[in-house]
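# An overview of the molecular structure
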Amino acid sequence: MIANLVDQGYEYLKVQTNEDLYRNLKVQLEKLNQILFNESEWRRFLAEYLDVPSEGMIEKTRKVQENHIHDFTFDDGHRENIRIIDKKNIHNNFIQVTNQVKGEGTHKNRYDVTVLVNGLPLVHIELKKRGVSLQEAFNQIHRYSKESFNKENSLFKYIQIFVISNGTDTRYFANTTKRDKNSYDFTMNWATAKNTLIKDLKDFTATFLQKNTLLNVL
């Protein structure tokens with residue numbers, strides 16, 4: 001799956017630690033906004049806007065969907081609008097894929113595949129072997145949400161979409177509080193314009209996870 005995403009123009013990012021995620025995030029936001037943060041500015045940007053520990057999934061989603069531009073004052077006194085996502089020109093957003101990111105909270109977890117947009121993890125993909133019930137992948141995501149996705153300084157609070165697949169059946173669902181989190185009925189299949197369901201993981205990857213399509217969905 002990762003090889004297919006790389007063929008579609010994703011960059012593969014090897015991540016060892018949570019610090020690697022933050023380091024990459026800084027690089028991607030600097031590139032998107034054509035600016036450079038010094039270390040104190042970067043820490044302040046995280047503390048006052050991007051990574052406020054007291055904020056939960058709802059506040060993070062609001063940043064992605066509504067409040068994606070922050071008016072930031074640099075150490076020399078000049079101010080700039082810092083975007084975390086470019087909504088006017090979506091091709092300016094940079095997409096990466098990584099895997100086996102370690103998450104620590106009440107338990108240690110290791111996430112299967114993560115799609116990063118400008119360094120922020122916005123899509124989490126949980127994969128099971130062929131023949132394994134998709135409900136298992138759904139339940140695992142629910143467990144991650146309780147154990148590690150939403151810890152204080154977790155960028156995974158930014159996740160907008162979950163994808164679950166066992167290779168032959170693939171479904172997606174939004175990260176939301178507006179539902180019973182145990183309700184598998186909330187998951188959906190992707191489909192063609194003629195409403196033919198796209199269940200195979202390879203076909204789903206080539207359509208739903210095509211960069212332009214995914215950015216428009218997000």
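Below or above, wherever it landed, is the structure these notes cover. (Residues numbered from 1 in each chain as written. Predicted model: local features only at pLDDT ≥ 70, side-chain atom pairs only at ≥ 80, totals over all residues. Heavy atoms only, no water.)

So, about the packing of helix α2 (residues 18-33) against helix α3 (residues 39-50). α3 packs onto α2 with a crossing angle of 95° between their chain directions and a minimal axis gap of 12 Å. One way to sum up the angle between α2 and α3 is to call them roughly perpendicular. Residues Y22, L25, K26 and L29 of α2 form the contact with α3, whose participating residues are E39, W42, F45, L46 and L50. (Axes fitted to C-alpha atoms, helices over the stretch in contact; angles between N-to-C directions. Helix = DSSP H or I, 4+ residues; strand = E, 2+ residues; numbered from the N terminus. Parallel < 35°, antiparallel > 145°, perpendicular 65-115°, else oblique. Contact = heavy atoms within 4.5 Å.)

Here we come to the pattern of salt bridges. Within this structure, the stated rule accounts for 9 salt bridges. As a salt-bridge pair, R79 and D71 come within 2.5 Å of each other at their nearest N and O atoms. According to the relative accessible area criterion, D71 is partly exposed, its value standing at 36%. In this structure, a network of salt bridges that share partners links the residues R44, E48 and D75. (Salt bridge = Lys/Arg side-chain N within 4 Å of Asp/Glu carboxyl O. Buried < 20%, exposed > 50% of the residue type's maximum accessible area, 1.4 Å probe, protein only.)

Counting buried positions along strand β7 (residues 161-165) gives 5 out of 5 residues, so the element sits mostly inside the fold. By the alternation rule, side chains of β7 split into I161, V163 and S165 and F162 and I164, which are all buried. Sheet analysis places strand β6 (residues 120-127) next to β7, joined by 5 bridges and oriented parallel. Counted as the bridge partner of L127 is S165 from β7. Sheet topology places β7 next to strand β8 (residues 170-174); 5 bridges connect them, and they run antiparallel. Across the sheet, the residue bridging to V163 is Y172, located in β8. (Pairing = 2+ DSSP bridges.)

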